[in-house]
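Chain by chain, the residues:
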Amino acid sequence: GESVGLHLPTLSVQEGDNSIINCAYSNSASDYFIWYKQESGKGPQFIIDIRSNMDKRQGQRVTVLLNKTVKHLSLQIAATQPGDSAVYFCAETRPTGANSKLTFGKGITLSVRP
Amino acid sequence: EAGVTQSPTHLIKTRGQQATLRCSPISGHTSVYWYQQALGLGLQFLLWYDEGEERNRGNFPPRFSGRQFPNYSSELNVNALELEDSALYLCASSSTVNYGYTFGSGTRLTVV
């Protein structure tokens, strides 16, 4: 079956350090990947996305890396701040069709130590 | 631009009752998705509506149902509520099928 999973349930980092959140996916047909951030009491918020024809994409303080060979996705957050504390989800989807939907991983909690 | 709005914010129901949750997508978005998020868990796909039609359904029993109205707003109905239905129900919308989901803040359903 298909799955999008995260390697670790929690991650604790020191404020100012870089954070790396990893995600594995099993469906090689996936062609679009998204990272979401969910703060307590709120819905998931889009952070950054990447298509399967790319290896890397950068945003403001965030970088997503895609390794299709090993079906691995990572989110790098530079100079982590207290406001980055949240649950992070990776999600994947395939080309449009009858079964199209975003499949989410279980989520990893990022905790930033002051 | 208004985001995805969901109502009510909180809902408390008794086991066996029915719950109705509502979602208004971003203006111009035609696809609406429903997800269930149990406490401490990930997002489980429930339903996807586009242009008024149900396009896909997750692995949930038939007592979970919904519809999409001509104005693209959507309703999720849960019949014969069970205690394990207690969760945060999230609605998302997109303008291009499958891409660029925007989520609402969710409805917290508690079944007692």
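What counts and what doesn't
Residues numbered from 1 in each chain as written. Chains lettered and ligands numbered in written order. Predicted model: local features only at pLDDT ≥ 70, side-chain atom pairs only at ≥ 80, totals over all residues. Heavy atoms only, no water. Helix = DSSP H or I, 4+ residues; strand = E, 2+ residues; numbered from the N terminus. Buried < 20%, exposed > 50% of the residue type's maximum accessible area, 1.4 Å probe, protein only. Contact = heavy atoms within 4.5 Å. Areas by Shrake-Rupley, 256 points an atom, 1.4 Å probe, with all protein chains shown as cover. Pairing = 2+ DSSP bridges. Polar contact = N/O pair within 3.5 Å; in protein donor to acceptor, adjacent residues only side chain to side chain. pLDDT = per-residue confidence, 0-100.

Q: Got a minute to help me understand the overall build of chain A in this structure?
A: Across its full length, chain A holds zero helices and eleven strands. Reading chain A from its N terminus to its C terminus gives the helix and strand order β-β-β-β-β-β-β-β-β-β-β. The proportion of buried residues among the 114 residues of chain A is 45%. Long-range pairs, those at least 24 residues apart, make up 53% of the contacts in chain A with a sequence separation of at least 6. Of the roughly 5,600 Å² of accessible surface on chain A, a fraction of 48% belongs to carbon and sulfur atoms.

Q: Please explain the pairing of strand β5 (residues 43-50) of chain B as it appears in this structure.
A: Sheet faces and side chains relate simply in a regular strand, where the side chains alternate between the two faces. All names here are of chain B. Across the eight residues that make up β5, a large majority, seven, are buried. Where strand β4 (residues 31-37) and β5 come together, seven bridges link them in antiparallel fashion. Pairing of glutamine 37 across the sheet is with leucine 43, part of β5. In this antiparallel pair of consecutive strands, β4 and β5, the connection spans five residues, and glycine 40 shows a positive phi of 75 degrees. Inspection of the sheet shows β5 paired to strand β6 (residues 53-57) by four bridges, in the antiparallel sense. Bridge pairing in β6 places tryptophan 48 opposite asparagine 56.

Q: What's the story with unusual backbone geometry in this structure? I'm lost.
A: In this chain, B:Ser7 is followed by B:Pro8 through a cis amide linkage whose omega measures -10 degrees. Tracing the backbone shows B:Pro8 in the loop between β1 (5-7) and β2 (10-13). Of note, the phi angle at A:Arg61 is positive, near 65 degrees, even though the residue is not glycine. Within the fold, A:Arg61 resides in the loop between β6 (56-58) and β7 (62-67).

Q: Would you mind showing me how to read the side chain of A:Asp49 here?
A: Turning to its location among the elements, A:Asp49 is positioned in strand β5 (residues 45-51). Engagement of the side chain of A:Asp49 in a polar contact is seen with the side chain of A:Tyr32, the distance being 2.5 Å.

Q: Teacher, can you tell me more about the confidence of the model for chain A here?
A: Caution is warranted with low-pLDDT regions, since their predicted coordinates should not be read in detail. Of all residues in chain A, 88% have pLDDT values of 70 or greater, and the mean over the chain is 87. No element of chain A has a lower mean pLDDT than strand β1 (residues 4-6) of chain A, at 52, and none a higher one than β7(A), at 98.

Q: What am I meant to see in the environment of A:Ser30 here?
A: All names here are of chain A. Counting through the fold element by element, serine 30 comes out in the loop between β3 (19-25) and β4 (32-38). Separated by 61 residues in sequence, serine 30 and alanine 91 place their C-alpha atoms 9.9 Å apart. Look past the residues within four positions of serine 30 in its chain and what remains in contact with it is Tyr25, Ser52, Glu92, Thr93 and Arg94. At 2.2 Å, the side chain of serine 30 forms a polar contact with the side chain of glutamate 92.

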